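# Survey of secondary and tertiary structure
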Amino acid sequence: MQIIGLDDFLNENPLMNVLPTSKGKSIELKGKVKLSHQFKHFPQVSRLIEVKVSIPEQYPFSSPIFEEVGGFVPKRDDFHVNPDGSLCLGTPFRIEAFIRKEPNFNTFYKRFFIPYIYAVSLKIMNSVDFVFGELKHGNAGELEDFCDIFGVQNKSQILGCLNSLAMKKRLANKRPCPCECGRRLGACRFHYKINQQRNILPRSWYRNLKSRLS
Ligand SMILES: [Zn+2]
């Protein structure tokens, strides 16, 4: 399996190794990455982070999984560590939309892992709370994220948006607008917002998300 950007990642992170895996399985990486990052007026952080990464066979249709294995990040919800030990680098929507548009693994690492581990490091070493705007974990976090993406206020509007995205455009435009203006979607300016998200992820993806969040 050829992962775009993996060679660049390994060149830039020479302490990372590809573990031997059988054909058709996910690619496992293990070792240390060097964090050397600074954001706005916040302190510079330079340290080695021990990680395990799993790039699934379905990549870029399924996201890479990162674990911190050096005992640096507390395995807790408030450090965005999932119950299975994987790091919560963002909402599934943000991540999956990103890797479909930009399937380069090295870019993904820089865009999602680096800001995450930098923010966590500041929280651990300098007691600075998450500098990248704290998104709540799990469903609550996803709903909050979608409120921003769609510019809406409540869950029923979000579920309406996801329902529209799970349908073909022509059909969705005939249905009531998810912004709850009382018109049909096609007659409301809100359809521009919905159409921006179309084709980023398949209709089935929005359908599954809707049933997960309902
Ligand atoms: Zn509307």
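In this text the structure is predicted, and so the values were computed from the model without any measurement.

Within the protein, the atoms that donate to the zinc ion are Cys-177 (SG), Cys-179 (SG), Cys-181 (SG) and Cys-188 (SG), at distances of 2.3 Å. Angles of 104 to 115° at the metal separate the 4 donor atoms of the zinc ion, which places the site in the tetrahedral class.

Per the domain assignment, the segments making up the protein are domain 1 (6–126) and domain 2 (138–213). In this structure, domain 1 and domain 2 have C-alpha centres spaced 30 Å apart. Contacts between the two partners involve 8 residues from domain 1, matched on the other side by 13 residues from domain 2. Summed over both sides, the interface between domain 1 and domain 2 buries roughly 890 Å², with carbon and sulfur atoms accounting for 68% of that surface. At the boundary of domain 1 with domain 2, the tally comes to 1 salt bridge. As a salt-bridge pair, Asp-145 and Arg-94 come within 2.7 Å of each other at their nearest N and O atoms. Applying the counting criterion to the domain 1 and domain 2 interface returns 3 residue pairs in polar contact (both at pLDDT 80 or more). Residue composition of the side of domain 1 that touches domain 2, grouped by class: 3 nonpolar, 1 polar and 4 charged.

A few words on the packing of helix H5 (residues 155–166) against helix H8 (residues 203–213). Interaxial distance between H5 and H8 falls to 7 Å at its minimum, and their mutual angle equals 155°. By the angle class used here, H5 and H8 are roughly antiparallel. Here the hand of the crossing between H5 and H8 comes out left-handed. Facing Lys-155, Leu-159, Leu-162, Asn-163, Leu-165 and Ala-166 of H5, the residues of H8 in contact are Arg-203, Tyr-206, Arg-207, Leu-209, Lys-210 and Leu-213.

This part is about the side chain of Arg-198. Relative to the assigned elements, Arg-198 resides in the loop between helix H7 (190–197) and H8. The buried charged residue Arg-198 lacks any salt bridge partner; its closest oppositely charged side chain belongs to Glu-180, at an N-O distance of 16 Å. A distance of 2.8 Å separates a polar side-chain atom of Arg-198 from the backbone oxygen of Met-167. In contact with Arg-198, not counting residues within four places along its chain, are Ser-164, Leu-165, Met-167, Lys-168, Lys-169 and Ala-172.

This part is about the packing of aromatic side chains. Each pair of aromatic rings is reported with the distance of its centres and the angle of its planes. Under the counting rule described, the total for this entry stands at 15 aromatic pairs. Centre to centre, the rings of Phe-9 and Phe-105 are 5.0 Å apart; their planes meet at 80°, and the pair counts as edge-to-face. Taken as a pair, Phe-9 in helix H1 (residues 6–12) and Phe-105 in helix H3 (residues 105–126) lie far apart in primary sequence, 96 residues in all. Residues Phe-9 and Phe-105 agree in their burial class; the two are buried. Centroid distance Phe-146 to Phe-150: 5.6 Å. Interplanar angle 15°. Geometry classified as stacked.

Procedures and definitions
Residues numbered from 1 in each chain as written. Predicted model: local features only at pLDDT ≥ 70, side-chain atom pairs only at ≥ 80, totals over all residues. Heavy atoms only, no water. Donors = N, O, S within 2.8 Å, 3.2 Å for Na, K, Ca; no water. Tetrahedral: all angles 85-135°; square planar, octahedral: opposite > 155°, others 65-115°. Domains from an automatic or database assignment. Contact = heavy atoms within 4.5 Å. Buried area = accessible area lost by both parts, 1.4 Å probe. Salt bridge = Lys/Arg side-chain N within 4 Å of Asp/Glu carboxyl O. Polar contact = N/O pair within 3.5 Å; in protein donor to acceptor, adjacent residues only side chain to side chain. Nonpolar A, V, L, I, M, F, W, Y, C, P; charged D, E, K, R; others polar. Axes fitted to C-alpha atoms, helices over the stretch in contact; angles between N-to-C directions. Helix = DSSP H or I, 4+ residues; strand = E, 2+ residues; numbered from the N terminus. Parallel < 35°, antiparallel > 145°, perpendicular 65-115°, else oblique. Left-handed = near helix turned anticlockwise from the far one by under 90°. Buried < 20%, exposed > 50% of the residue type's maximum accessible area, 1.4 Å probe, protein only. Lys, Arg positive; Asp, Glu negative; His and termini not counted. Phe/Tyr/Trp six-rings, centres within 6.5 Å; stacked < 30°, edge-to-face > 60°.

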